[in-house]
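# Fold and contact review
Listed below are the residues making up each chain.
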Amino acid sequence: MKTLLTGGAGYIGSHTAVAMIEAGHDVVVVDNYYNSSPEAIRRVEEITGKKIALYEADAADAEVMRKILHDEKPDCIIHFAGLKAVGESVAKPVEYYRNNIDTTLTLLECMREEGVTNFVFSSSATVYGEDNVPPFTEEMPKGVCTNPYGWTKWMQEQILRDATVANDELSVVLLRYFNPVGAHESGKIGEDPQGIPNNLMPYISQVAVGRRDHLTVFGDDYDTPDGTCRRDYIHVMDLAEGHVKAAEYAVSHKGTEVFNLGTGNPYSVLDMVNAFSKACGHQVKYEIGPRRAGDVQDSWANADKAKAVLGWEAQRGIDEICRDAWNWQSHNPQGYDK
Ligand code: NAD
Ligand code: WQD
């Protein structure tokens, strides 16, 4: 199978490229490097020993995407490309709606013209909103999102569903990721956020490696065993392997199907600090701060459907997550290109 990965040079895309190639599939990558570097793909090639067809292009550019689909004739598209910073989306909603929704609309139009019928989409557990109670199941109604980023995922899911209703030939798999973390076991690829990290694990990693003084834990007065929020942290290689199964499913089915990609196991902020401290061999310094606006107390998956239908379940736990995140961070203290 030939799979085209939009946003394939990014964090999840680059790990998925490795998993796809290791499963025997061909990979084509399209990325505009808005939040990534071609160095990530060079390293994917180093890990896999395979040359990757790489296009520097905007996935919302219909003319360019039409030509790429025409020339490459992929069996399936996995659409990672998008803007993903929750706080930034509040400040720049128009840019978020424009980029995230335009890319999906453009791809759907170009797919129709070029006869590509299989599509896997990077959605997010954020679409469950604030009112559903975890563990979240795919049957729960989507909730009210707390920020424009979340709404772009919510709306893209709806657009893709509507497109499959109108076209019997179309197959769409919506993947709702929980909290992707960790890095490839080689330490050659990993998460490389620009500026101050918004997310917990890259922040902890940068404290551990000495780039930042301490982590601020956002609130310890939640109704949880240690007072900090709980999340479903999933190793990015488990997530990547879930995409292999999802793409294989997409090419052999029609219509829309939605899957949670999570472990089903919640861990608190302090659980992650402690696991990381163990992995890196010293205590990660932290202070307790106020709650962060918009945080939900608890979020974790019911991961049964992916296991039953795709035959996929996460294999790696928080010790492997922290070991691999530390391996990446300690070998690449400033990320790619530095
Ligand atoms: P990332 O920023 O590392 O990767 C996204 C990639 O898309 C980047 O390489 C970026 O340069 C590229 N891109 C953005 N707009 C583009 C465009 N118009 N044309 C071409 N390339 C473009 O992010 P990630 O963490 O790998 O996330 C991948 C996808 O998964 C995103 O859609 C994100 O919203 C979604 N997601 C991520 C998380 C998470 O916590 N990382 C959770 C749920 C969902
Ligand atoms: C995890 C926990 C924080 C940083 C976000 C998006 C979601 C999805 C994944 C894309 C929370 C706490 C964090 C820090 C902390 N992305 N924390 N100190 O908020 O669960 O999800 O990323 O789809 O849509 O909302 O992830 O890693 O930011 O936070 O205490 O410096 O860590 O309060 O409890 P979150 P996160």
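Notes on the structure in this doc start here.

Further remarks concern the nonpolar core. Among soluble globular proteins, nonpolar side chains are generally buried collectively. With 42 residues, the main nonpolar core has Val27, Val120, Val173 and Leu175 as its most contacted residues. With nine residues, helix α8 (residues 236-250) is the single largest residue contributor to this core. Residue contacts for leucine 175: discarding those within four places in its chain leaves Val120, Phe121, Ser122, Ser123, Ser124, His243, Ala246, Phe259 and Leu261. By size, the runner-up hydrophobic cluster in this structure holds 23 residues, among which are Val28, Ile77, Leu174 and Val258.

The subject of this paragraph is the sheet that holds strand β5 (residues 118-124). On the basis of which strands lie adjacent, the open sheet formed by seven strands has the order β3-β2-β1-β4-β5-β6-β11 and parallel pairing. One side of each edge strand has no neighbouring strand; the edge strands of this open sheet are β3 (53-56) and β11 (255-261). Across the sheet, the mean angle separating the axes of adjacent strands is 20° when strand polarity is ignored. Sheet strands touched by helix α3 (residues 62-72): β1 (2-6), β2 (26-31), β3 and β4 (76-79). Its angle to β1, the strand with the most contacts, is close to 160°. Packing of helix α6 (residues 148-166) onto the sheet brings it into contact with β4, β5, β6 (171-177) and β11, and relative to β5 it is tilted by some 155°.

Quick look at the packing of aromatic side chains now. Counting across every chain of the model gives seven aromatic pairs. A connected cluster of aromatic rings, assembled from ring pairs, spans Tyr128, Phe136 and Phe178. One cation-aromatic arrangement involves lysine 142 over tryptophan 154; the distance from NZ or CZ to the ring centre is 3.8 Å.

A word on the pattern of salt bridges. In the structure shown here, the tally under the stated rule is 25 salt bridges. When the shortest N-O distance is used, the salt bridge between arginine 316 and glutamate 185 registers 3.0 Å. Here glutamate 185 lies in the loop between β7 (179-181) and α7 (200-208) and arginine 316 lies in the loop between α10 (304-310) and α11 (318-331), a separation of 131 residues in the sequence. One salt bridge in this structure joins aspartate 298 and arginine 230, with 2.8 Å as the shortest N-O distance. Of the two residues, aspartate 298 sits in the loop between β13 (286-289) and α10 while arginine 230 sits in strand β9 (residues 230-231), which places them 68 residues apart along the sequence.

Position of asparagine 332 among the secondary structure elements: in the segment after α11. A residue is classified by how much of its surface remains accessible, and asparagine 332, at 9% relative accessible area, is buried. Along the chain, asparagine 332 and glycine 190 lie 142 residues apart, while their C-alpha atoms are 9.0 Å from each other. Sequence-distant contacts of asparagine 332, that is, excluding residues within four places in its chain, are made with Arg43 and Gly187.

Another aspect to go through is the site of ligand 1. What surrounds ligand 1 is a group of 27 residues, the closest being Asp31, Asn35, Ser36, Lys84 and Tyr149. Glycine 10 places a main-chain nitrogen or oxygen 3.3 Å from an oxygen atom of ligand 1. In isolation ligand 1 exposes 820 Å². Once the protein is present, 95% of that is buried. Take the shell around ligand 1: its biggest share by element is three residues, from β5. Looking at the shell around ligand 1 residue by residue, the class counts come to twelve nonpolar, eleven polar and four charged.

What follows deals with the site of ligand 2. In the region of ligand 2, 18 residues are neighbours, and Tyr149, Leu200, Thr216, Arg231 and Asp295 sit closest. The fraction of the free accessible surface of ligand 2 (690 Å²) that becomes covered by protein chains is 87%. By residue number, the principal contributor to the shell around ligand 2 is strand β8 (residues 215-218), which donates four residues.

To continue, consider α3. For α3, the complete set of buried residues consists of Met65, Ile68, Leu69 and Glu72. The buried residues of α3 occupy one face: seen down the axis, they fall within an arc of 95°. Along α3, the residues that are exposed and aim more than 90 degrees away from the buried face are Glu63 and Lys67. Of the surrounding elements, those touching the buried residues of α3 are β1, β2, β3, β4 and α5 (93-114).

Okay, the pairing of β3 next. The pairing of β2 with β3 spans four bridges and is parallel. The partner of valine 30 across the bridge, within β3, is tyrosine 55. Read from β2 through helix α2 (residues 38-48) to β3, the crossover connection turns out right-handed.

Reading the values: the criteria
- Residues numbered from 1 in each chain as written.
- Chains lettered and ligands numbered in written order.
- Predicted model: local features only at pLDDT ≥ 70, side-chain atom pairs only at ≥ 80, totals over all residues.
- Heavy atoms only, no water.
- Core = buried A, V, L, I, M, F, W, Y, C linked by side-chain atoms within 4.5 Å.
- Buried < 20%, exposed > 50% of the residue type's maximum accessible area, 1.4 Å probe, protein only.
- Helix = DSSP H or I, 4+ residues; strand = E, 2+ residues; numbered from the N terminus.
- Contact = heavy atoms within 4.5 Å.
- Pairing = 2+ DSSP bridges.
- Axes fitted to C-alpha atoms, helices over the stretch in contact; angles between N-to-C directions.
- Phe/Tyr/Trp six-rings, centres within 6.5 Å; stacked < 30°, edge-to-face > 60°.
- Lys NZ or Arg CZ within 6 Å of the ring centre and 35° of its normal.
- Salt bridge = Lys/Arg side-chain N within 4 Å of Asp/Glu carboxyl O.
- Near = heavy atom within 4 Å.
- Polar contact = N/O pair within 3.5 Å; in protein donor to acceptor, adjacent residues only side chain to side chain.
- Areas by Shrake-Rupley, 256 points an atom, 1.4 Å probe, with all protein chains shown as cover.
- Nonpolar A, V, L, I, M, F, W, Y, C, P; charged D, E, K, R; others polar.
- Arc of directions from axis to C-beta.
- Right-handed = clockwise from strand over helix to strand, strands pointing away.

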